[in-house]
Structures are given as C-alpha cells and as structure tokens.
Amino acid sequence: AGPLLGELIALPPGRRAARVRQGVRFHSWGLFELLVEQARKDIFEDPRGAESSLEAAIEIADHLDPRRYGPGSVEAAQARAWAWLGNARRVLFDFRSAEEAFDLAENYLGRSWLDPLDQALVFELTALLRRAQRRFDEALGLLDEAIGLYREVNEPHFEGRARIAKGLALQYAGEIDAAVACLREGLFLIDPAEEPRLRAAMACYASQE
C-alpha cells in the first residue's frame, strides 16, 4: 500500500479520486487506512490536499468487498472517511459541505458494525463543526459523548484530544475556569508523538496563562 499511497499523493489533488476509479490495484483496505491517516496529518497544513485524499479514500471504500471484510465493515470505513472529509471542509470554512459530509458519516455509521471508536470520532469531529458555528451547547454535548466512549474503550490519547476540543469550546463560550481545567486534563492525556502540533499549541497556550 505504501507505494500506491506515494503514487496518489504525487498526483494533483483533483486527479486522486479519478485515479482510484481507474485501477483495481487501489481498491485495498490497507491503502484506505494509509490515505485517511495521511489526510488527517495534512488537514491543517494542506486542507485542500487532505480533502482530495479523503475523496479518494471514499472512492476506495466504495470498491471494498464487504464479503471479504465482514458485515458493516465498508460502512464503518465510509463513516470514518466522511467524518474526516467534513473536518477538512470545516478547516476550509466550507460549512455547508462539511454539514453534508457529517450527515453522510452519521448515515454510514448507523449501518456499520458500530465500533465505539468510529462513533466517538464522528461525535468529536462533528463537535468541531458545531464549535465553529458557535453552537456551543451542541458541541459540548457531542464532546462529552466522545470522551465517554474513548474512556470506555481505554483510549487516553483520543480522550485527551477530545478534552482539549471541549476546553476550547468552553473558552469560546466564555466559561474560562472550566476551559482551563479541561485543557489541562487533555494535555496530560495526549501522546505528544501522536499529536506534536496539538501538544505544541497547548504548551504555548499554557505559557500565556
């Protein structure tokens, strides 16, 4: 999958999904996973490229064989890819398209094998859009759901990431003391190797308190 990923990333963004459609060699779960992970890392530095990669990942998921991977597997992949695509579009300030992506993510999630990590991810990323829309109560409710699921399956790093998102939502909503407490909890939980950009941003935030 690694060389195939390199081949796709080397293409201009607008041609990645088309290349996936043209070749069965791209229709693998391994490539799907690598492409989503690469896009996740690229979202802030190259959101347009991340958007294109996620559209290609969705194209891959469309061609995965559910008989090979099990009932609900393809829907789970689609839910994850559409959620990250919604997040990329949020970063691009295309809130209407982001909303459409999250609607599709929820639809696929409801037909998937309902992995708690997939559920938590959809809640967490949808909450970021709600926060950007200044719908803070909705954002906080979704983040609490995500935090609970991440804790339930013992994923402290993801829980920390969601707590930081909650802390920022609280800050934007004017609840400063609660925000600071939540941000500190999140900073303690995240793995710096997994989220170096987030760790650096939070360290800078802490130094300015």
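It should be noted that the structure appears before, not after, this text.
In this text, all values refer to a predicted model and were calculated from it rather than measured experimentally. (Residues numbered from 1 in each chain as written. Predicted model: local features only at pLDDT ≥ 70, side-chain atom pairs only at ≥ 80, totals over all residues. Heavy atoms only, no water.)

## Here we look at the overall build of the protein chain
- Broken down by element type, the protein chain carries 12 helices and zero strands.
- Along the chain direction, N to C, the helices and strands of the protein chain fall in the order α-α-α-α-α-α-α-α-α-α-α-α.
- Each of the 209 residues in the protein chain was classed as buried or not, and the buried ones make up 50%.
- The contacts in the protein chain between residues at least 6 apart in sequence include a share of 61% that link residues at least 24 apart. (Helix = DSSP H or I, 4+ residues; strand = E, 2+ residues; numbered from the N terminus. Buried < 20%, exposed > 50% of the residue type's maximum accessible area, 1.4 Å probe, protein only. Contact = heavy atoms within 4.5 Å.)

## What about the side chain of Arg90?
- Following the sequence through the fold, Arg90 ends up in helix α6 (residues 73-91).
- Among buried Asp, Glu, Lys and Arg side chains, Arg90 stands out as unpaired, with Glu124 the closest opposite charge at 9.0 Å.
- Here the side chain of Arg90 touches Asn87 through a polar contact of 2.9 Å, side chain to side chain.
- Contacts of Arg90, omitting those with residues within four sequence positions, involve Phe44, Phe95, Ala98, Leu128, Leu129, Arg131 and Ala132. (Lys, Arg positive; Asp, Glu negative; His and termini not counted. Salt bridge = Lys/Arg side-chain N within 4 Å of Asp/Glu carboxyl O. Polar contact = N/O pair within 3.5 Å; in protein donor to acceptor, adjacent residues only side chain to side chain.)

## Here we look at the environment of Glu194
- Position of Glu194 relative to the elements: it lies in the loop between α11 (176-189) and α12 (196-207).
- For the pair Glu194 and Lys41, spaced 153 residues apart in the sequence, the C-alpha separation amounts to 9.8 Å.

## Thoughts on helix α10 (residues 156-172)
- Here α10 spans 24 Å end to end across 17 residues, near enough to the 24 Å set by a 1.5 Å rise per residue.
- The buried fraction of α10 amounts to 13 of the 17 residues, a majority that puts the element mostly inside the structure.
- In the stretch just after α10, Gly174 is the one whose phi turns positive, near 90°. (Expected span 1.5 Å × (residues − 1).)

## Re the packing of aromatic side chains
- In the structure shown here, the tally under the stated rule is four aromatic pairs.
- Considering the side-chain rings of Trp29 and Tyr69, the 4.9 Å spacing of their centres and the 45° angle between planes classify their relative orientation as tilted. Taken together, the residues Trp29 in helix α3 (residues 29-42) and Tyr69 in helix α5 (residues 66-69) connect sequence positions 40 residues apart.
- Judged by relative accessible area, Trp29 falls into the buried class, the value being 15%. (Phe/Tyr/Trp six-rings, centres within 6.5 Å; stacked < 30°, edge-to-face > 60°.)

## Observations regarding unusual backbone geometry
- Positive phi outside glycine occurs at Leu114, with the angle close to 55°.
- Considering the arrangement of structural elements, one finds Leu114 in the loop between α7 (95-110) and α8 (116-132).
- Classification of Leu114 as partly exposed rests on a relative accessible area of 42%.
- A positive phi is found at Arg134, a non-glycine position, where the angle reads about 65°.
- Looking at the secondary structure, you find Arg134 in the loop between α8 and α9 (136-152).

## Some details on the packing of α8 against α9
- For the pair α8 and α9, interaxial distance at closest approach is 8 Å and the crossing angle is 160°. Considering their axes alone, α8 and α9 lie roughly antiparallel with respect to each other. In the crossing of α8 with α9, the sense of the turn from one axis to the other is left-handed. Taking contact as the criterion, the partners of Pro116, Leu117, Gln119, Ala120, Leu121, Phe123, Glu124, Thr126, Ala127, Arg130 and Arg131 in α8 are, on α9, Phe136, Glu138, Ala139, Leu142, Leu143, Glu145, Ala146, Leu149 and Tyr150.
- Looking at side-chain class alone, the contact of α8 with α9 contains 13 nonpolar, two polar and five charged residues. (Axes fitted to C-alpha atoms, helices over the stretch in contact; angles between N-to-C directions. Parallel < 35°, antiparallel > 145°, perpendicular 65-115°, else oblique. Left-handed = near helix turned anticlockwise from the far one by under 90°. Nonpolar A, V, L, I, M, F, W, Y, C, P; charged D, E, K, R; others polar.)

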